[in-house]
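# Descriptive structure summary
Letter by letter, the chains look like this.
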Amino acid sequence: MSIQSEQDFFKFEELCKDFYLKPEETIKIDEILHQYFLNPNFLIEYKQILSFTKNSYVVAQVIRGLIKCVTSFWTSLTPNQKNDMKSNIWLYIESVQPLEQFALSLLFKLYSRVLKFSWTEENNKKNIIVSVKNLMGKSIEHHCIGLRILKDIISEFNEYIGEHLTVLQHRNISISLRDNILLDIFCISLESLNYALTNSMDDKFKSIRELALDLGYSCLSFDFIKTTSIDSSEEILTVQIPSQWKSTFDENNPLELFFKIYKQYHSTKSLECILQIVSIRRSFFTTEDERVKFLASIVQYTTEILKSNIGFNEPNNHLVFSRVIERLKTNYHLNNLVTVAGYSDWISNLSTFTIDTLKNPQFSPNSIYFLLTLWAKLVSSIIYVKGDPSKTYLEKYSPIIMESFINSKIDNSYSDDEDEHLMDYEKMVEILEGIPHLGRITYQATCRQIILLLDSISANFLNETNPNELEVYERQCAWLVYIIGCLILGRTSINSSEEHDKIDGELSVRVFILIGYNDKKLSNETNNQYQYRTSRISLELSFIYFMQNFRRIYIGENSISSSKIYQRISELSGPTDHTSVLFSIVQKIGFNFKYWAENDEIIKKSLDMFWESVNGHSTSKMLIDNKITKDILKTHSSQVFPFLEKNSNPRNRTSLYKTIGKLLFTDENMGFFDEFIAPFDDTIKYLLNISTPEQFRTEDIKRKVIGLLRDLRGIITSANSKRSYLLFFEWIHINFSEVLIKIINVWVDSPEVTTSLLKFLSEFVFNRQSRLIFDSSSANGFIIFRDTSKILVSYASLILKANISKQDLYKYKIKGIQTSMLLFTRCLVGGYCNFGVFELYGDPSFTSAIDYIFQLCLSVSLDELMSFPKASKAYITMLEALCLGHTLSIIQLNQQYFIHIMKSLHRCLDSQDVTMSSSSCTSIEKIITVCYYQMKKKSSQCLQSIHQNFFSNTNILYEIIDKIISIIIYEDNFNQFMFSKLLLTCIIFHQDTFTTLKQKYVHSFNQQCPEKVEKAFVQLMENTLDNLETKNKDKFTSNVSIFRKEMKLISSSTGRYL
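None of the values given here were measured: they were computed from a predicted structure. (Residues numbered from 1 in each chain as written. Predicted model: local features only at pLDDT ≥ 70, side-chain atom pairs only at ≥ 80, totals over all residues. Heavy atoms only, no water.)

Attention now moves to the overall build of the protein. Summing up its helical and strand segments, the protein has 55 helices and zero strands in all. Taken over C-alpha atoms, the radius of gyration comes to 34 Å for the protein, in line with the 31 Å a tight globule of 1058 residues would show. Its C-alpha atoms give the protein principal-axis dimensions of roughly 90 × 90 × 70 Å. Surface accessibility of the protein: about 46000 Å² in total, with carbon and sulfur atoms responsible for 49%. Across the protein, the 113 positively charged side chains and the 119 negatively charged ones have centroids separated by 4 Å. (Helix = DSSP H or I, 4+ residues; strand = E, 2+ residues; numbered from the N terminus. Rg over C-alpha atoms; globule rule 2.2 N^0.38 Å. Areas by Shrake-Rupley, 256 points an atom, 1.4 Å probe, with all protein chains shown as cover. Lys, Arg positive; Asp, Glu negative; His and termini not counted. Charge placed at Lys NZ, Arg CZ, Asp CG, Glu CD.)

In structure tokens form, the structure reads like this:
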């Protein structure tokens, strides 16, 4: 579609408006607009449209179309088109059109992307700085636009966008920006801030100040050393600012500037900039005096803010300031802090600030987390303080903080909002991590406070009938139980004593008594309303947390059975030892399975506790041979475990039977196998006896099928010995393939069923701990793979026919392909089946499995497959297993499959996942090595395949060698020996391709140094022979080190980034 007339334009304009104003038609309109953007004339028409219209909707869509064209087809554009677009967009920016913000944002994004993609051809990298400075000098409005453009440039260069660029090229372009203009941009942000401050009375300069702060933060949060993963969301705790920035920091003192702005305007963004500066690596300061001076400045500025509570009425300011203080301790030792002048004033004000935060519920739990983490770090560092530890004042302030924390949780429990905090389990446990350090510094005083509160509150809780009051007491009890559990867990990391163990006994006995009374009260309730009360659920989760921690510390591998804790518990509640406590925990787990069957969170955490108890070395011995275990093995239906029917999460079934399987497959209990497995046997026979697909395709049967597959997967996961696996195999193999193929044929369109089936099958064929090792006279290994192949082929043949939309692609197809590749890989590496036997006897099981696996892989695009990390990893792992164990089979595949494999491996050579890049490297080397040796044979059967797959597709080797050389020159985190071996293998296999590439690299640098590049390549091959012997590879690896060093010097001197 194209715009040839005024009428065409009005039609286009209407579509642009509707795209934003009619959300229900957005997808349909986008498809129509996409036809405009794909038209070759669009790259000419856009200039006329932009010069003609002032409509923000139209401008935004035109810019969006240009972004799509640039991102997807950059390499197809001519140099003139690229330069023309870059200059036209800049001129349009300079004209300061009256556009809406969303259109301006897209405009700046487009310019930044064009700049990034053309960065390697830019001879003078500082031209953009000159242009932006000239723009900013025109007016206040131009100044704001310049700041926004620079921020967008940093953001664009810091991201991995543009499929035509490899990860390595993205990284090198980003590094080039850092080395050439990032400091200049940071200086512009500081100059703009000072400019705004000198005109602080004028409201027009407010925008400059805010935008300059945004720009400064973007500079300081730049990924300076480019080690952050593309998909990483982790915060960088140390800012690796280059040493070249030191003079700018000395001259401009940005720390003072940002604090000045915060004190004057209470700006959150200025605090975020301060956070980055506080996080600067300590080695940035060349002398100890500079480091101490910097630390003293931070202490002084933060003390001023703490004293006056500047800006804390804004919750965001409070949170970021808490992070600043916490980061200060992360980067500097307590020894450094206590020597700073004004430390005593700082720690006193910090204590007041923390207590006020704990008392005030309006502040974010994140603020509390950072402050408690800070105090925990301070307290844990006392033992490393030189001299008198009292100079830290921590023994004075820490107990007050701990007392305030406990009181704050009791007081805040009157608010319904506290339910939300209690139910956010992960965040709450994070907050509690610092409690052991604070609580155990004066443990007796802390526990006295807890005991007084718990005794009073638990008494009220047991006697209360008013639902509203009951909710308050449940929250209060939950918080106290969590705190007790956390204090007990801290025994491993905190210095303890017999006295402390006795105190733990005093606390623990009260919790166990509370659990008993609570369960009795709950079992007497006539309705199930308690299951929907958040405060009651929180209390149950706190009991589980406490019992888990008690078991970890005082029962099992790390337990101290003779600990004084049991002596104290026995004094308070009767004779008790670690065995009786363990069985009371197991009984509590059983109680939860019955009375909390519909609550997924409680069931999941109870199952986790059950598994850890059964899986522990010492605790498992106590549980294996006892009546409770025998009863479970004999009867494990939904009558015993009601959640099997009532709970909606089928994963819990797998967890339960994994745990029961652990108890079953022991010498003491294996005799119960037939009795244990009988219910599953009945279910399989029932499924086989259903005669028609219509009868099989009901929701009731679906639930039975998913339950059966989930349960069996849990059982086989725990069959870790040859004897236990054989016991399971001999039972199931009779009806194995028949029932699974029947399930697939009826339920192939249900991912809940197929995923459960494929995951069970992948566990069944997994040779975990060499459990699938059969006698030499046994055909079991062949039977397992033959049946697996039948099931895999049945699934693949049906799913390939399914018509699946892009929105459902992962759920309905890619997830199944991923699991299919996993189970096939496990078959390949299992070592229990000689696959050559199938070909020898004309059995197509192996060849059919390979064929259908690659049909599945080709049924989705490589981009789609690689966009899901788990699927891409399963794919590359499978290719490695095939390449290492079945190289000739890979070489003899049809051309379509072979090219797809090589493109996939080539793509992953520079993956940030080291496992994937190593696997790709190993796979390619194995393929080429086998081809090399096969070509030396006169009568090789696969010569035709080698010529067809390699020599008729010379691009494959060219691109592989090109990428390897690029990685060797520019990449830092790679396995040099592995890539060196691969490069030598490729060179020896096809010298001509290497020669062609060498000429490319010679000509790609400036005319001043082609002879240096030529010499580096000559040295690379120096003293290497035309063979693939280990000695020759070792010599070549040494040459690669020299080559890499020389090429790095050449590229840095020419400013060339390939």
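Tracing the chain through its elements places E738 in helix 39 (residues 736-747). A sequence separation of 664 residues divides E738 from W74, and the C-alpha atoms of the two residues are 53 Å apart.

Let us look at the side chain of N1027. Its place among the elements puts N1027 in the loop between helix 54 (1010-1020) and helix 55 (1030-1054). Looking at N1027, its side chain comes within polar contact range of the main-chain nitrogen of E1029, at 3.0 Å. In this structure, N1027 is in contact with Y932, L984, I988 and N1032, ignoring residues within four places of it in sequence. (Polar contact = N/O pair within 3.5 Å; in protein donor to acceptor, adjacent residues only side chain to side chain. Contact = heavy atoms within 4.5 Å.)

For helix 30 (residues 600-615), with 16 residues, the first-to-last C-alpha span of 22 Å sits near the 22 Å given by 1.5 Å per residue. Regarding helix 30, the residues found buried are I602, I603, K605, S606, L607, M609, F610, S613 and V614. Its side-chain oxygen placed 3.3 Å from the backbone nitrogen of E601, N599 serves as the N-cap of helix 30. (Expected span 1.5 Å × (residues − 1). Buried < 20%, exposed > 50% of the residue type's maximum accessible area, 1.4 Å probe, protein only.)

This part is about the nonpolar core. Judged by nonpolar contacts, the single largest core of 362 residues is most densely connected at F550, F764, F824 and F950. By residue number, the principal contributor to this core is helix 25 (residues 467-489), which donates 13 residues. What F764 contacts, discounting residues up to four positions off in sequence, is I716, Y725, F728, F729, I732, F736, R771, L772 and I784. (Core = buried A, V, L, I, M, F, W, Y, C linked by side-chain atoms within 4.5 Å.)

At their nearest, the axes of helix 3 (residues 42-52) and helix 4 (residues 56-73) sit 11 Å apart, and the two run at 155 degrees to each other. Here helix 3 lies roughly antiparallel to helix 4, going by the angle between them. Taken as a pair, helix 3 and helix 4 cross one another with a handedness that is left-handed. Of helix 4, the residues touching helix 3 (which contributes F42, L43, Y46, I49 and L50) are V58, V59, V62, I63, G65, L66 and C69. In terms of residue class, the contact of helix 3 with helix 4 is built from eleven nonpolar, one polar and no charged. (Axes fitted to C-alpha atoms, helices over the stretch in contact; angles between N-to-C directions. Parallel < 35°, antiparallel > 145°, perpendicular 65-115°, else oblique. Left-handed = near helix turned anticlockwise from the far one by under 90°. Nonpolar A, V, L, I, M, F, W, Y, C, P; charged D, E, K, R; others polar.)

Before going further, it helps to spend a moment on the pattern of salt bridges. One pass over the structure, following the stated rule, counts 54 salt bridges. Between K86 and E122 there is a salt bridge; the shortest N-O distance is 2.7 Å. Here K86, found in helix 5 (residues 79-94), pairs with E122, found in the loop between helix 6 (101-117) and helix 7 (127-136); they are 36 residues apart in sequence, far enough to count as distant. The class of K86 is buried, set by a relative accessible area of 15%. Judged by its relative accessible area of 17%, E122 falls in the buried class. One salt-bridge network, held together by shared partners, links D455, E506, R510, R568 and E571. (Salt bridge = Lys/Arg side-chain N within 4 Å of Asp/Glu carboxyl O.)

Of all residues in the protein, 96% attain a pLDDT of 70 or more, and the chain-wide mean is 89. Taken element by element, the protein is modelled with least confidence in helix 21 (residues 417-423), mean pLDDT 78, and with most confidence in helix 40 (residues 751-764), mean pLDDT 96. Contacts for the low-pLDDT stretch residues 229-233, under 50 throughout, to residues beyond four places or in other chains number four contacts. (pLDDT = per-residue confidence, 0-100.)

The subject of this paragraph is a negative patch on the surface. Taken together, D417, E420, D424 and E426 make up a surface patch of like negative charges. When you line up the elements, D424 lands in the loop between helix 21 and helix 22 (425-432). Given the relative accessible area of 40%, D424 is considered partly exposed. (Patch = residues over 30% accessible without salt bridge, like charges linked within 9 Å, V, L, I, M, F, W, Y side chains within 5 Å.)

Moving on: the packing of helix 46 (residues 869-885) against helix 48 (residues 895-907). As a packed pair, helix 46 and helix 48 sit with axes 11 Å apart at the nearest point and diverge in direction by 115 degrees. Helix-helix and strand crossings are classified by hand; for helix 46 and helix 48 the assignment is left-handed. Where helix 46 abuts helix 48, its residues Y875, I876 and L879 lie against H900, I901, S904 and L905. Looking at side-chain class alone, the contact of helix 46 with helix 48 contains five nonpolar, two polar and no charged residues.

Structurally, I660 is set in helix 34 (residues 651-664). On the basis of relative accessible area, I660 is assigned to the buried category, the value being 0%. Between the alpha carbons of I660 and S718 there is a distance of 8.5 Å; along the sequence they are 58 residues apart. Contacts of I660, omitting those with residues within four sequence positions, involve I632, L633, H636, F641 and F676.

Here we take up the state of the cysteines. Tallied over the full model, the rule gives zero disulfides. The thiol of C187 is not disulfide-bonded; the next cysteine sulfur, from C219, is found 9.0 Å away. C447 supplies the cysteine sulfur nearest to C477, a cysteine that is in no disulfide, at a spacing of 17 Å. (Disulfide = S-S within 2.5 Å.)

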